[in-house]
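Coordinate analysis (summary)
Below are the chains, spelled out letter by letter.
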4 protein chains.
Amino acid sequence: MQAHRLIIRVRYSESDQMGYAHHAAYVIWLESARIEMMRSLGESYRELEASGVLMPVVECQLRYRRPLRFDDEVELRTTASPTGPSRLTFTTDLLLQDTPCAQGVVTVAAVNRAGKPVRLPARLGSTFAG
Amino acid sequence: MQAHRLIIRVRYSESDQMGYAHHAAYVIWLESARIEMMRSLGESYRELEASGVLMPVVECQLRYRRPLRFDDEVELRTTASPTGPSRLTFTTDLLLQDTPCAQGVVTVAAVNRAGKPVRLPARLGSTFAG
Amino acid sequence: MQAHRLIIRVRYSESDQMGYAHHAAYVIWLESARIEMMRSLGESYRELEASGVLMPVVECQLRYRRPLRFDDEVELRTTASPTGPSRLTFTTDLLLQDTPCAQGVVTVAAVNRAGKPVRLPARLGSTFAG
Amino acid sequence: MQAHRLIIRVRYSESDQMGYAHHAAYVIWLESARIEMMRSLGESYRELEASGVLMPVVECQLRYRRPLRFDDEVELRTTASPTGPSRLTFTTDLLLQDTPCAQGVVTVAAVNRAGKPVRLPARLGSTFAG
């Protein structure tokens with residue numbers, strides 16, 4: 001399976017007084033990467049929520065190797081695989097001019113409005129099943 | 001009417017590469033000031049929303065005079081007055097060691113879940129009326 | 001002078017429990033609009049700061065008319081004009097499918113690292129001078 | 001060693017359209033917990049940076065078990081231990097009315113302005129050494 005690619009540009013508000021992109025901003029970029037990856041597979045996360053399926057994050061892990069800075073154009077390369085009947089795990093590499101700078105691994109769980117686990121949407125489950 | 005007082009501490013994530021607190025952070029602090037002011041008047045904004053009354057911001061204006069920085073303890077002094085049957089305007093002065101650094105003026109409108117204007121909650125309307 | 005156009009997509013993290021884009025997110029989008037507008041005029045704000053000219057916000061005003069939501073593609077149309085030897089005022093209309101939803105007016109001041117006002121960068125000053 | 005305790009209140013801007021505190025907000029709270037823990041040990045992170053020692057995050061991991069919501073008062077219980085001559089790892093439990101809701105583990109590295117690893121500040125290194 002090919003990695004999904006997304007380019008984001010680091011916002012000024014995401015810089016901190018160290019002069020780096022603040023580490024919490026990466027968590028938000030990873031979310032955009034997941035949503036755009038789903039969209040590229042024909043699944044609108046907005047519509048998914050409207051239909052009653054939420055996908056909250058249950059775990060996330062980030063490793064920061066090289067700092068990113070305001071105005072950098074960062075490439076996010078994301079792959080995903082099911083890690084349970086209602087769980088998807090996304091792995092995202094963040095690169096600046098092809099140099100890996102950070103990596104994030106995020107697991108989301110498909111639940112209904114009451115918080116009960118539900119099956120992954122067919123399109124996502126089968127796409128990632130391999 | 002006495003101004004409501006709230007102390008916030010500038011978070012590291014709120015600093016930017018200029019070394020200042022980013023101007024968008026002030027907007028968020030003003031929101032905390034409104035919510036804490038309401039609480040001090042016996043009105044929980046959380047419960048207000050649960051009861052079906054939302055108070056979205058319809059206008060905000062900020063003037064930045066002196067920069068604030070990470071770790072600063074900032075005092076927010078807030079007053080409010082009704083500016084319509086369903087509108088409240090909050091004026092907040094932001095001070096650092098008694099020196100005014102910025103001012104925000106924010107107007108919120110009481111609406112129901114359908115977005116229709118509703119009367120201000122009695123406690124707020126009457127508190128500020130006079 | 002033609003308005004600069006930028007499309008942003010509302011991030012999930014920018015939604016709030018009302019189901020709207022939080023009003024502080026607009027302030028951050030306006031900043032992206034200013035930076036992209038400068039870039040389109042050949043002025044990199046990153047390089048400007050590196051050269052010792054900062055452009056902190058001294059005033060901002062927002063009017064919110066219609067809510068925006070997660071995943072909306074919002075068009076920002078921005079114009080700018082000098083409002084002093086070291087000040088630029090940017091006016092941005094935010095539209096959803098050509099419907100105006102909000103407007104922001106932001107004034108920035110060109111200062112050096114010591115916080116002293118400096119002349120607007122020639123490219124910006126003359127571009128906007130009319 | 002006793003855990004450091006910090007209470008934060010979930011901000012409205014930190015809620016998302018699921019009605020939960022957004023998962024990126026936790027990352028920011030963890031940062032406040034680290035900074036307040038250092039302060040309680042007599043080490044001001046602001047002064048540390050002013051003296052030329054930065055402590056960027058090199059890794060963070062979060063597990064989300066029960067959602068937190070706007071206006072919740074969340075208790076953060078943090079412990080720390082050195083995981084290298086220039087590294088500290090902080091473990092924070094997030095509790096709502098004594099119920100564990102999430103856990104974060106964050107490693108920071110002490111570096112100088114050039115990004116080179118430096119020894120942990122004596123006060124922190126010896127405090128946590130056991």
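The structure this text deals with has already been given above.
Cut-off values and rules
- Residues numbered from 1 in each chain as written.
- Chains lettered and ligands numbered in written order.
- Predicted model: local features only at pLDDT ≥ 70, side-chain atom pairs only at ≥ 80, totals over all residues.
- Heavy atoms only, no water.
- Least-squares fit on C-alpha atoms with pLDDT ≥ 70 in both.
- Contact = heavy atoms within 4.5 Å.
- Helix = DSSP H or I, 4+ residues; strand = E, 2+ residues; numbered from the N terminus.
- Buried < 20%, exposed > 50% of the residue type's maximum accessible area, 1.4 Å probe, protein only.
- Buried area = accessible area lost by both parts, 1.4 Å probe.
- Salt bridge = Lys/Arg side-chain N within 4 Å of Asp/Glu carboxyl O.
- Polar contact = N/O pair within 3.5 Å; in protein donor to acceptor, adjacent residues only side chain to side chain.
- Nonpolar A, V, L, I, M, F, W, Y, C, P; charged D, E, K, R; others polar.
- Pairing = 2+ DSSP bridges.
- Phe/Tyr/Trp six-rings, centres within 6.5 Å; stacked < 30°, edge-to-face > 60°.

1. What about the relation of the copies chain A and chain C?
Of the two same-sequence chains, chain A is brought onto chain C (RMSD 0.0 Å, axial shift 0.0 Å) by a rotation of 180°. Considering both components of the superposition, the chain copies are consistent with a two-fold axis. Closest approach to the rotation axis among the C-alpha atoms of chain A is made by I8 of chain A, whose C-alpha sits 5.6 Å away. When the interface residues of chain A are mapped onto chain C, 100% of them again fall at the interface, so both copies present the same face.

2. Here we look at the environment of R113 of chain C
Residue and element names in this part refer to chain C. Looking at where R113 falls in the secondary structure, it is placed in the loop between β5 (99-109) and α3 (122-128). Assessed through its relative accessible area of 53%, R113 is described here as exposed. With residues up to four places along the chain from it excluded, the contact list for R113 reads E49, G52 and L54.

3. Concerning the interface of chain D and chain A
In this assembly, 22 residues from chain D lie in contact with 22 residues from chain A. Between chain D and chain A, the buried area comes to about 2100 Å², and carbon and sulfur atoms account for 55% of it. Across the chain D-chain A interface, the total number found is two salt bridges. For E59 of chain D, the salt bridge goes to R63 of chain A, with nearest N and O atoms at 3.7 Å. Put simply, chain D and chain A have 10 residue pairs in polar contact (both at pLDDT 80 or more) between them. Looking at the side of chain D that touches chain A, the elements with two or more residues in it are α1 (23-40), α2 (45-50) and β2 (57-64) of chain D. No other element matches the eight residues that β2 of chain D contributes to the side of chain D that touches chain A. Residues of the side of chain D that touches chain A, tallied by class, amount to 13 nonpolar, four polar and five charged. Pairing of strand β2 (residues 57-64) of chain A with β2 of chain D, which is carried by five bridges, proceeds in the antiparallel orientation. In the strand pairing of β2 of chain D, C60 of chain A is matched with L62 of chain D.

4. Quick notes on the packing of aromatic side chains
Taken as a whole, this structure holds 20 aromatic pairs over all chains when the rule is applied. Relative to F70 of chain A, the ring of Y12 of chain A lies with its centre 5.0 Å away and its plane at 75°, an arrangement referred to as edge-to-face. Placement of Y12 of chain A in the loop between β1 (4-9) and α1 (23-40) and of F70 of chain A in the loop between β2 and β3 (73-84) is noted, with a sequence separation of 58 residues between them. When the ring of Y45 of chain A is compared with that of F70 of chain C, the centres are 6.2 Å apart and the planes differ by 70°; the resulting orientation is edge-to-face. With Y45 of chain A in helix α2 (residues 45-50) and F70 of chain C in the loop between β2 (57-64) and β3 (73-84), this pair bridges two chains. One aromatic cluster is present, built from ring pairs that chain together Y12 and F70 of chain A together with Y45 of chain C.

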